[in-house]
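# Structural characterization, general
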Amino acid sequence: QVQLQESGPGLVKSSQTLSLTCTVSGASVTATNYAWAWIRQAPGKGLEWVGEISTRGITYYSPSLKSRTTIARDTSKNQFTLQLSSVAPEDTAVYYCTGGDAYTYWGQGAQVTVSS
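Description of the structure in this document. (Residues numbered from 1 in each chain as written. Predicted model: local features only at pLDDT ≥ 70, side-chain atom pairs only at ≥ 80, totals over all residues. Heavy atoms only, no water.)

## Overview of the overall build of the protein
For the protein, the count of helices and strands is zero helices and eleven strands. Element order for the protein, N to C, with α for helix and β for strand: β-β-β-β-β-β-β-β-β-β-β. Against the 2.2 N^0.38 benchmark of 13 Å for 116 residues, the protein shows a C-alpha radius of gyration of 13 Å, consistent with a compact globule. Dimensions of the protein, computed from the C-alpha atoms along their principal axes, are close to 40 × 25 × 25 Å. Here the protein holds 116 residues, and the buried ones make up 43% of them. Residue pairs in contact within the protein that sit at least 24 positions apart in sequence constitute 51% of those at least 6 positions apart. Accessible area of the protein: about 6,100 Å², with a carbon and sulfur share of 49%. Across the protein, 8 positive and 7 negative side-chain charges occur, with their mean positions spaced 6 Å apart. (Helix = DSSP H or I, 4+ residues; strand = E, 2+ residues; numbered from the N terminus. Rg over C-alpha atoms; globule rule 2.2 N^0.38 Å. Buried < 20%, exposed > 50% of the residue type's maximum accessible area, 1.4 Å probe, protein only. Contact = heavy atoms within 4.5 Å. Areas by Shrake-Rupley, 256 points an atom, 1.4 Å probe, with all protein chains shown as cover. Lys, Arg positive; Asp, Glu negative; His and termini not counted. Charge placed at Lys NZ, Arg CZ, Asp CG, Glu CD.)

Printed below as a string of structure tokens:
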């Protein structure tokens, strides 16, 4: 079975960079017709798509976040990453990595709190 696991610091200071890694097992991050995405959910709010990287390594970002978002992958480690710069308390959320075809696979989510 395909499994995704988020990892990274759970507490980040305002103005710093949030960095998360998603480790994928059971499927390749280069698998044909797959894409790998980051989605977040702030307290009391719905899911927000942050961005994703395609099988061919092409990235797509939410217009509201793209200026400070970078998604990348490490094919040798079968991982993909998220960097969100200049964070503020409103970036506090549970961050999920997801992917496959039609967002089939999800990680358990990582709570990230941005301190004032």
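After presenting the structure, the write-up continues.
## Observations regarding the nonpolar core
In terms of nonpolar packing, the biggest core is built from 26 residues, with Trp38 and Phe80 touching the most fellow members. At the level of elements, strand E3 (18-25), strand E4 (35-41), strand E5 (47-54), strand E8 (79-84), strand E9 (93-100) and strand E11 (110-115) are the ones that each hand at least two residues to this core. Here this core gets four residues from one element, more than from any other, and that element is E3. (Core = buried A, V, L, I, M, F, W, Y, C linked by side-chain atoms within 4.5 Å.)

## A closer look at the state of the cysteines
Within this structure, the stated rule accounts for one disulfide. Through a disulfide, Cys22 is tied to Cys97; the S-S separation comes to 2.1 Å. Of note, the bridge from Cys22 to Cys97 carries an S-S torsion of about 65° and is right-handed in sense. Of this pair, Cys22 sits in strand E3 while Cys97 sits in strand E9; the two residues are 75 residues apart in sequence, bridging distant segments of the chain. We classify Cys22 as buried; its relative accessible area is 0%. For Cys97, a relative accessible area of 0% translates into the label buried. (Disulfide = S-S within 2.5 Å.)

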